[in-house]
Amino acid sequence: MGEYVIKLPDVGEGVAEAELVEWHVRVGDLVREDMVLAAVMTDKATVEIPSPVDGEIIWLGGEIGQVIAIGSPIIRLKIEGEGHAPAPEPAKPAEAEQPKAEPVKAEPKPEIRADKPVEKPVAPVVHTPLAAPVTIGAPRAEGDRALASPAVRLRARDAGVDLRQVTGTGPAGRISHEDLDTFFARGSQKPVISGLAPDTSVKEIKVVGLRRKIAEKMAIAKSHIPHITYVEEIDVTSLEELRALLNAKKRADQPKLTLLPFLMRAMVKAIAEQPQLNALYDDDANIIHQHGGVHIGIAAQTPSGLVVPVVKHAEARDLWGCAAEVNLLADAAKTGTATREQLTGSTITITSLGSMGGIVTTPVINYPEVAIIGVNKMMTRPMWDGAAFIPRKMMNLSSSFDHRVIDGWDAAVFIQRIKTLLETPALIFVEG
């Protein structure tokens, strides 16, 4: 028999460490080659670690949430053959023999046992009142009044307990504090006076994996970036009519159009006029990296948490191309198969909660970008056209900007340009 050591592999270029987010095995498990043993995460990309050999797990290195350096041992297996690492197991038999020398555990052998009856230390009678609910008795009838001191009544009321359900052990069935303690210790179904009972439970949830990555990035964004949020109302009635028409006439190989591809194309046009919005700000070096390519991140909620897949070079994609890429990235994000390349490199981000988008939001900028466009829900509202109220489909854009780089005026000009393009969607298709 030999020992095989699995080290944390290189999970991405330039990555020096990864967070352990999941164990799929335990010590003592028999595993087969290619069986997934663990999962680690770096930069929102989760990587599974398979077993290269058949064997038995004898050691697992690290706890969930621990950050491990690339190349560090994380799993040891016992395998047939020599293995590829010296097995430090010889020490274990010596340790294993120690239990044999456990006559020490036979400490109860001293003669003291003969001097004193065994019944006293065992004292099973002490536990009988708690372990045997039968001794508690039946609840009092509806009209009966429980006998108890004012202090006991106050304590029961604060705990939401009907004293008629507590059996008293005092004279005439009087209820004492000890009776209440017994009632609580039994875990009995306590009928409550008001029908509501206080819940004093506290659940501890360790922040690991994607949730921790999100928390770290949001904290950096809010602590580094002075946000300015600008909200504008958009009339999307014409856009929705055009979208319905294009979807009705689309080819079978074309994806269904949502609002996002139209917004993306409008952003590309607006960025061409204000390129400073398509930038990353390196606040350590005081350098703004203004990009020519428009790489739009799409904030997406997944079962694991918030991720931001990126549509690269939106300026080189038409409406249908943007829609197809959004669908591809959304599927990859939801199934957890999105690659590191698909989740990095954005220069500006869209965040949308769809039909739950609310009236106004204050989106947090995707650090180190300088702008994020927030889409709120669409609603049909009566709008005054100068002569009468008419129903129009309205939607707000709630967008945030890095005030160190983007002045309020520039932010307003940018959103007003997007407003014009969405309210007159034909302009989106006009080149130049």
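Residues numbered from 1 in each chain as written. Predicted model: local features only at pLDDT ≥ 70, side-chain atom pairs only at ≥ 80, totals over all residues. Heavy atoms only, no water.

Asks: How would you summarise the environment of Leu 163 if you had to cite specific residues and measurements?
Replies: Examined against the element boundaries, Leu 163 turns out to sit in the loop between helix 5 (150-158) and helix 6 (177-185). On a C-alpha basis, the gap between Leu 163 and Ala 148 in space is 8.4 Å, while along the polypeptide they are 15 residues apart. (Helix = DSSP H or I, 4+ residues; strand = E, 2+ residues; numbered from the N terminus.)

Asks: I'd like to hear about the sheet that holds strand 8 (residues 73-79), residue by residue, with values.
Replies: Strand order in this open sheet of four strands is 1-8-6-3, and the pairing throughout is antiparallel. Because the sheet does not close on itself, it has two edges, and the strands there are strand 1 (2-7) and strand 3 (30-31). Summarising the sheet, strand 6 (residues 55-60) and strand 8 pair through four bridges and their orientation is antiparallel. Looking at strand 8, one finds that Leu 60 is bridged to Ile 75. (Pairing = 2+ DSSP bridges.)

Asks: Which residues make up the sheet that holds strand 7 (residues 67-69), and what are the values?
Replies: The strand order across the open sheet built from four strands is 5-4-2-7, with neighbouring strands paired in antiparallel fashion. Each edge of the open sheet is held by one strand with a lone partner, namely strand 5 (45-50) and strand 7. Averaged over all pairs of adjacent strands, the angle between strand axes in this sheet comes to 40°, irrespective of strand direction. The pairing of strand 2 (residues 17-23) with strand 4 (residues 36-42) spans four bridges and is classified as antiparallel. By the bridge assignment for strand 4, Trp 23 is matched with Ala 38. (Axes fitted to C-alpha atoms, helices over the stretch in contact; angles between N-to-C directions.)

Asks: I'd like to hear about the pairing of strand 4, residue by residue, with values.
Replies: Extensive coverage of strand 4 is indicated by the burial of six of its seven residues. In the sheet, strand 4 pairs with strand 5 via six bridges, with the strands oriented antiparallel. When the bridges of strand 5 are listed, Val 40 appears paired with Val 47. (Buried < 20%, exposed > 50% of the residue type's maximum accessible area, 1.4 Å probe, protein only.)

Asks: So what about helix 10 (residues 319-335)? Which residues, and what values?
Replies: Compared with an ideal rise of 1.5 Å per residue, which puts 17 residues at 24 Å, helix 10 spans 25 Å between its outermost C-alpha atoms and is within 8% of the ideal. The complete set of buried residues in helix 10 reads Leu 319, Trp 320, Cys 322, Ala 323, Glu 325, Val 326, Leu 329, Ala 332 and Ala 333. On its buried face, helix 10 is in contact with helix 8 (237-249), helix 9 (259-273), strand 12 (296-302), strand 13 (305-307) and strand 14 (310-311). At the N-terminal boundary of helix 10, the capping side chain belongs to Asp 318, with an oxygen 3.2 Å from the backbone nitrogen of Trp 320. Phi turns positive one or two residues past the end of helix 10, at Gly 336, with a value near 75°. (Expected span 1.5 Å × (residues − 1). Contact = heavy atoms within 4.5 Å. Polar contact = N/O pair within 3.5 Å; in protein donor to acceptor, adjacent residues only side chain to side chain.)

Asks: Run through the packing of helix 9 against helix 11 (residues 408-423), naming residues and quoting values.
Replies: One way to put it is that helix 9 packs onto helix 11 with a least axis distance of 9 Å and a crossing angle of 135°. In terms of orientation, helix 9 and helix 11 fall into the oblique class. Helix 9 and helix 11 meet at a crossing whose hand is right-handed. Within the contact between the two elements, helix 9 uses Phe 262, Leu 263, Ala 266, Met 267, Lys 269, Ala 270, Ile 271 and Glu 273 and helix 11 uses Phe 414, Arg 417, Ile 418, Leu 421 and Leu 422. Looking at side-chain class alone, the contact of helix 9 with helix 11 contains ten nonpolar, no polar and three charged residues. (Parallel < 35°, antiparallel > 145°, perpendicular 65-115°, else oblique. Left-handed = near helix turned anticlockwise from the far one by under 90°. Nonpolar A, V, L, I, M, F, W, Y, C, P; charged D, E, K, R; others polar.)

Asks: Give a description of the pairing of strand 6 that names residues and reports values.
Replies: Note on strand geometry: in a regular strand, side chains alternate between the two faces of the sheet. Two strands pair when backbone bridges link them, and strand 3 and strand 6 are joined in this way by two bridges, in the antiparallel orientation. When the sheet's bridge partners are listed, Val 31 is paired in strand 6 with Gly 55.

Asks: Please set out the packing of aromatic side chains residue by residue, giving values where relevant.
Replies: How two aromatic rings sit relative to each other is given by the distance of their centres and the angle of their planes. Taken as a whole and assessed by the stated rule, the structure comprises three aromatic pairs. Residues Phe 183 and Phe 184 carry aromatic rings whose centres are separated by 6.1 Å and whose planes lie at 65° to one another, so their mutual orientation is edge-to-face. For Phe 183, a relative accessible area of 3% translates into the label buried. (Phe/Tyr/Trp six-rings, centres within 6.5 Å; stacked < 30°, edge-to-face > 60°.)

Asks: I'd like a rundown of the nonpolar core, residues and numbers included.
Replies: By size, the foremost hydrophobic cluster in this structure holds 46 residues, and its most contacted members are Ile 296, Ile 350, Phe 414, Ile 418 and Leu 422. Residue contributions to this core peak at ten residues, all from helix 9. When sequence neighbours within four positions are dropped, the list of residues in contact with Ile 296 reads Met 264, Met 267, Pro 309, Val 310, Val 311, Ala 314, Ile 348 and Ile 350. Core analysis: the second largest hydrophobic core is formed by 20 residues, Ile 6, Val 25, Val 53 and Ile 74 among them. (Core = buried A, V, L, I, M, F, W, Y, C linked by side-chain atoms within 4.5 Å.)

Asks: How would you summarise the packing of helix 9 against helix 10 if you had to cite specific residues and measurements?
Replies: The N-to-C vectors of helix 9 and helix 10 enclose an angle of 120°; their axes lie 9 Å apart at closest approach. Relative to helix 10, the element helix 9 is oriented oblique. As helix 9 runs across helix 10, the sense of the crossing is right-handed. Contact residues: helix 9 offers Leu 260, Pro 261, Phe 262, Met 264 and Arg 265, while helix 10 offers Leu 319, Cys 322, Ala 323 and Val 326.

Asks: Tell me about the pattern of salt bridges, and name the residues and values.
Replies: On inspection of all chains with the given rule, the structure shows 17 salt bridges. One salt bridge connects Glu 3 with Arg 76, and the closest N-O pair in it is separated by 2.6 Å. Of the two residues, Glu 3 is situated in strand 1 and Arg 76 in strand 8; the sequence distance between them amounts to 73 residues. A salt bridge links Glu 341 to Lys 312; its shortest N-O distance comes to 3.0 Å. Here Glu 341 is found in the loop between helix 10 and strand 15 (348-352), whereas its partner Lys 312 is found in the loop between strand 14 and helix 10, with 29 residues between them in sequence. Counted as one network, the salt bridges with shared partners bring together Glu 19, Arg 212 and Glu 216. (Salt bridge = Lys/Arg side-chain N within 4 Å of Asp/Glu carboxyl O.)

Asks: Pulling in residues and values, what's your account of the confidence of the model for the chain?
Replies: Here the chain averages 83 in pLDDT, and 82% of its residues register 70 or above. Segment residues 86-138: pLDDT under 50, and 20 contacts once partners within four positions in sequence are set aside and those in other chains are kept. (pLDDT = per-residue confidence, 0-100.)

Asks: Residues and numbers for the environment of Leu 280, please.
Replies: Mapped onto the elements, Leu 280 comes out in strand 10 (residues 279-282). C-alpha of Leu 280 to C-alpha of His 291: the two residues are eleven residues apart in sequence and 8.0 Å apart in space. What Leu 280 contacts, discounting residues up to four positions off in sequence, is Ile 287, Ile 288, His 289, His 291, Ser 346, Thr 347, Pro 368 and Glu 369.

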